[in-house]
Amino acid sequence: MDPQAAYEHCERVVRSRARNFAYGIRLLPTTKRQALSAVYAFARRVDDIGDGSETRGERLTQLAAAREELHRIDEHPEDPVLVALADAARQHPIPLAAFDELIDGCEADVRGTDYATADQLTFYCRCVAGSIGRLSLGVYGVDPARQKEASGYADSLGVALQLTNILRDIREDGLMGRVYLPADELVRHGCTLKIDEHGRFVDDDADLAALVRDQAARARAWYDEGLRLLPLLDRRSAACTAAMAGIYRRLLIRIAEQPISALNARMSLPAWEKGVVAARALAGVTP
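Residues numbered from 1 in each chain as written. Predicted model: local features only at pLDDT ≥ 70, side-chain atom pairs only at ≥ 80, totals over all residues. Heavy atoms only, no water.

Colleague: Go over the overall build of the protein with me, naming the residues and quoting the values.
Modeller: Within the protein, the secondary structure is distributed over 14 helices and zero strands. Counting helices and strands in the order they occur from the N terminus, the protein gives α-α-α-α-α-α-α-α-α-α-α-α-α-α. Against the globule reference of 19 Å for 287 residues, the protein gives a C-alpha radius of gyration of 19 Å, in line with a compact fold. If you line up the protein on its principal axes, its C-alpha atoms span 55 × 45 × 35 Å. (Helix = DSSP H or I, 4+ residues; strand = E, 2+ residues; numbered from the N terminus. Rg over C-alpha atoms; globule rule 2.2 N^0.38 Å.)

Next comes the structure, spelled out in structure tokens:
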């Protein structure tokens, strides 16, 4: 497959599936936009396997196959996502091995792994989202002398975004039998996150609200750390990152302000507000 056609496929995936990230990706120049779209498209493929309706064994087999495809990325000339990703990796120092961490995290999802402590949850977030931050950094490019520092900030920003996702999706995950929030935090707040036959949380609203606000404060601290990446990036890459982070950070603030509403319905920002965040990011306004 022609690389350009492969990139066009990946960009269609971004437009149709990345409702928040698309606002940032479109701020990049063409080459970087295409490369990051390829990164997203493969990550989306892995996530879709993890969230699929097949049996646990079938999904683990599919994840193993995706890992093998990644390791033999040049051997799939008819797969548009792999063709685009291989071409992007030839043009940019993208650490493709970070995808192995994403697959590790998705395998944990399939197995139904629980997290006893915040440190365990943070490790999971680094796998499934910090890895994407580091992959993105390979597309953006950074002064080699500050590579380690930038990688740490990208990792922290990924943790912040994933914690926001977890808080947004508590109900949806609960209905699938998944609980991501640390067990010790649930105990501390007197919560179980169990849902009764009427679709209602069995925990007291006040306890639930305190739990969500406490976890949102933890996520905000990760944003504060992760956003220190912006000055290390070129203008367009910083705008892309700021747009993505700004949308999720606003969503986090809304969740913290209305925790019970967030638990009862999946919260999101309207398109006009996402557009405002993206425009402010392009103008250099820190989210």
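Colleague: Describe the packing of aromatic side chains, and please don't skip the residues or the numbers.
Modeller: In total, this model carries six aromatic pairs according to the counting rule given. Geometrically, the ring pair formed by tyrosine 115 and tyrosine 180 is stacked, given 6.4 Å between the ring centres and 15° between the ring planes. You can see tyrosine 115 sitting in the loop between α6 (98–111) and α7 (118–140) and its partner tyrosine 180 sitting in the loop between α9 (170–175) and α10 (183–189), a full 65 residues away along the chain. For tyrosine 180, a relative accessible area of 8% puts it in the buried group. (Phe/Tyr/Trp six-rings, centres within 6.5 Å; stacked < 30°, edge-to-face > 60°. Buried < 20%, exposed > 50% of the residue type's maximum accessible area, 1.4 Å probe, protein only.)

Colleague: Tell me what's going on with the domain arrangement of the protein, and back it up with residues and numbers.
Modeller: One frequently used descriptor of interface size is the decrease in accessible area upon assembly of the parts. Under the domain assignment used here, the protein contains domain 1 (1–92) and domain 2 (114–286). Each of domain 1 and domain 2 was reduced to a C-alpha centroid, and the two centroids are 22 Å apart. Every contact between the two is made by 18 residues of domain 1 and, on the other side, 24 residues of domain 2. Interface area for domain 1 against domain 2, summed over the two sides, is near 1,800 Å², with a carbon-plus-sulfur share of 65%. On the domain 1 side of the interface with domain 2, the three residues burying the most area are Asn20, Tyr23 and Leu27, jointly 35% of the side's total. For arginine 178, the salt bridge identified is with aspartate 51, shortest N-O distance 3.0 Å. Between domain 1 and domain 2 we count eight residue pairs in polar contact (both at pLDDT 80 or more) in total. Put simply, the parts of the chain that give the side of domain 1 that touches domain 2 at least two residues each are α2 (21–25) and α3 (30–50). The element contributing the most residues to the side of domain 1 that touches domain 2 is α3, with six residues. (Domains from an automatic or database assignment. Contact = heavy atoms within 4.5 Å. Buried area = accessible area lost by both parts, 1.4 Å probe. Salt bridge = Lys/Arg side-chain N within 4 Å of Asp/Glu carboxyl O. Polar contact = N/O pair within 3.5 Å; in protein donor to acceptor, adjacent residues only side chain to side chain.)

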